[in-house]
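Fold and contact review
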Amino acid sequence: PAAGSSNEFPVFLPDGKHFIYLVHGGEEGKRGLYWAALDSPTPHRILPDDSSALFVPSTTGKKYGYLLFLRGSDLMAQPFNAESLLTAGDVFPIVAGASTDADGEVAASASANGLLVYETNSFHAFQLNWLDRFGKELGKVGTIQDERGVALSPDGSSAATVRRDQGIWIYDVQRGVETRFTSPTLAGNSAVWSPDGKWIAFAAGKGIYVEDASGGLKEEQVLENENDKAVSDWSRDGRYMVYTETDPKGQGDIWYLEDALSKSSERKPVKFQGTDAVESQGQLSPDGHWLAYMSNESGEYQVYVRPFPSGPGRWKVSSSGAAGREPRWRRDGKEL
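Anyway, here's the lowdown on the structure attached to this text. (Residues numbered from 1 in each chain as written. Predicted model: local features only at pLDDT ≥ 70, side-chain atom pairs only at ≥ 80, totals over all residues. Heavy atoms only, no water.)

With respect to the sheet that holds strand 21 (residues 220-224)
Spatially, four strands are ordered 18-19-20-21 in an open sheet, and the strand pairing comes out antiparallel. In this open sheet, the two strands that pair with only one neighbour each are strand 18 (189-193) and strand 21. Averaged over all pairs of adjacent strands, the angle between strand axes in this sheet comes to 20 degrees, irrespective of strand direction. Sheet topology places strand 20 (residues 207-212) next to strand 21; four bridges connect them, and they run antiparallel. Within strand 21, the residue paired with V210 across the bridge is E220. (Pairing = 2+ DSSP bridges. Helix = DSSP H or I, 4+ residues; strand = E, 2+ residues; numbered from the N terminus. Axes fitted to C-alpha atoms, helices over the stretch in contact; angles between N-to-C directions.)

Overview of the pattern of salt bridges
All chains considered together, the criterion is met by 15 salt bridges. E335 is the partner of R133 in a salt bridge, and the nearest nitrogen-oxygen pair spans 3.3 Å. In this pair, R133 is assigned in the loop between strand 12 (126-131) and strand 13 (137-145) and E335 in the segment after strand 29 (315-316), connecting sequence segments 202 residues apart. Judged by relative accessible area, R133 falls into the exposed class, the value being 61%. Residue class for E335 comes out partly exposed when judged on its relative accessible area of 30%. E335 is the partner of R330 in a salt bridge, and the nearest nitrogen-oxygen pair spans 3.2 Å. Residues joined in a network through salt bridges with shared partners are R133, R330, D332 and E335. (Salt bridge = Lys/Arg side-chain N within 4 Å of Asp/Glu carboxyl O. Buried < 20%, exposed > 50% of the residue type's maximum accessible area, 1.4 Å probe, protein only.)

A look at the nonpolar core
Within the largest apolar cluster, 16 residues are counted, with the highest numbers of intra-cluster contacts made by I20, I46 and F80. Residue assignment for this core shows that the elements contributing at least two residues are strand 2 (18-25), strand 3 (32-37), strand 4 (40-47), strand 5 (53-58), strand 6 (61-71) and strand 7 (74-81). (Core = buried A, V, L, I, M, F, W, Y, C linked by side-chain atoms within 4.5 Å.)

Description of the environment of D228
Of note, D228 is situated in the loop between strand 21 and strand 22 (229-234). Taking C-alpha positions, D228 is 8.2 Å from A204, a pair spaced 24 residues apart along the chain. Not counting residues up to four positions away in its chain, the partners in contact with D228 are G205, K206, T244, E245 and T246. Separated by 2.8 Å, the side chains of D228 and K206 make a polar contact. (Contact = heavy atoms within 4.5 Å. Polar contact = N/O pair within 3.5 Å; in protein donor to acceptor, adjacent residues only side chain to side chain.)

What follows is the structure, given as structure tokens:
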């Protein structure tokens, strides 16, 4: 995919060779539903809509059918010839108030005899809250949104969050003002602040970018390859940027990039933790000597700690019987 975009939600057509998928993010003129084939991955755009789709054969045979997708909250149908791979008529609405699942895929399915099931009026709403260490709510931050992930600035004055399909937004905690940070063509995810609060790092598509936290400068790409990524931490001395990269097997590995703001062409990523398990959510201790992360190597997600950037030993610190995720260090490094 192009910079800032991702290929998502592939679905095979009846011949088992061709498939449809969504190109999400990136340039607006290149987003939409596409088809390609296993032996010919050249993409062919079908529709400009930013939605996953499913193919439903008509009751007259597998050759003809419909692509079902979302346009806003309306479930739409596009007549489609699965043999010629061409649309065959006008798009028309089926139902209003349809929705996606938690992963952003159209929450619908259809049987061979034309029976359709779908989810309606689903809104994944979240409210940011201030809590004390005992779980008591102290106040709310921002409005209710379909967002996930939050990163507080080093001085505590701002919070960066990721809204689905809208990229990264910044809340001014003191003034109660929210502004969009990333551009529509580079939505971004997994925002992380630099230790001085002047920069925000984020992943978009296959790349990692940094941008002036004030939004006054254009983002700069610091890394790109063929794998999806998510930035998770930036060391307190600014030297190391930690991120998760999805390997070709679909497993997460933890990497770090040294001197991410350096212009040196010698800057190279280093794999810190990579096994057959899923490892992600790496967090550096304030002194930079330890890294806590999540892994499912035991069969369930637990939190582990290892010396950083190298050294012997590895310890599981979360309790068996309950999943351990999203580790965070206390500011003095004495508690997780």
